[in-house]
Amino acid sequence: QVQLVESGGGSVQPGGSLKLSCARSGYVSRRCGMSWHRQAPGKERELVSSISVDGTTTYVDSVKGRFTISQDRARTTLYLQMNGLTSEDTAVYYCAADQYLNSGGYCRLTYWGQGTQVTVSS
């Protein structure tokens, strides 16, 4: 049984910072990466950042230079440090993990957390 639980969300003023955490329980293949997604009101869910098994990271253009994704060595906890927050960052943030498919030898986005609300307002 795989479970992802986000924490660290809340309300912050523009320019503030938050650090989100995602705790993983149950087995998730260490051959696959993890990621953060967000969904703002009235908008589609988007990939915010990802981190691969070798530590390679990606970021959506809108958060580059402000957000940093990281994980512990055991890859049981995923983090998203968010700095310089703006109202455009207001969204529900979701942690996600891939499932390794032995049949095809690839990873597929499978596991999702329940989300944590981030609200940026004056």
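Model, not experiment: these values are computed from the prediction.

Engineer: Teacher, can you tell me more about the pairing of strand β5 (residues 46-51) here?
Structural biologist: Within a regular strand, the side chains alternate between the two sheet faces. Taken together, the 5 bridges between strand β4 (residues 34-39) and β5 define a ladder with antiparallel strand orientation. Paired with His37 across the strands is Leu47, a residue of β5. The turn linking β4 back onto β5 is made up of 6 residues, and Gly42 within it adopts a positive phi angle of 75 degrees. In the sheet, β5 pairs with strand β6 (residues 57-59) via 3 bridges, with the strands oriented antiparallel. Residue pairing for β6: Ile51 is matched across the bridge by Thr57.

Engineer: Before we go on, may I ask you to explain the environment of Ser25 in this structure?
Structural biologist: One can find Ser25 in strand β3 (residues 18-25). Note on Ser25: relative accessible area 33%, which makes it partly exposed. Separated by 23 residues in sequence, Ser25 and Val2 place their C-alpha atoms 5.7 Å apart.

Engineer: I would appreciate a short explanation of the pattern of salt bridges in the present structure.
Structural biologist: Proximity of charged atoms lets side chains of opposite charge pair with each other. Under the defined criterion, the tally for this structure stands at 4 salt bridges. Of the charged contacts, one joins Arg38 and Asp89 as a salt bridge, the two residues approaching to 2.9 Å between their closest N and O atoms. Pair noted here: Arg38 is in strand β4 and Asp89 is in the loop between β8 (77-82) and β9 (91-101), with a separation of 51 residues, a long-range link. Residue class for Arg38 comes out buried when judged on its relative accessible area of 6%. Given a relative accessible area of 1%, Asp89 falls into the buried group. Of the charged contacts in the structure, one is a salt bridge between Asp61 and Lys64, with a shortest N-O distance of 3.0 Å.

Engineer: Before we go on, may I ask you to explain the side chain of Thr90 in this structure?
Structural biologist: Note on placement: Thr90 falls in the loop between β8 and β9. A polar side-chain atom of Thr90 sits 2.9 Å from the main-chain amide nitrogen of Val120. Among all residues touching Thr90, those that are not within four sequence positions of it are Ala40, Pro41, Gln117, Val118, Thr119 and Val120.

Analysis parameters
- Residues numbered from 1 in each chain as written.
- Predicted model: local features only at pLDDT ≥ 70, side-chain atom pairs only at ≥ 80, totals over all residues.
- Heavy atoms only, no water.
- Pairing = 2+ DSSP bridges.
- Helix = DSSP H or I, 4+ residues; strand = E, 2+ residues; numbered from the N terminus.
- Buried < 20%, exposed > 50% of the residue type's maximum accessible area, 1.4 Å probe, protein only.
- Salt bridge = Lys/Arg side-chain N within 4 Å of Asp/Glu carboxyl O.
- Polar contact = N/O pair within 3.5 Å; in protein donor to acceptor, adjacent residues only side chain to side chain.
- Contact = heavy atoms within 4.5 Å.

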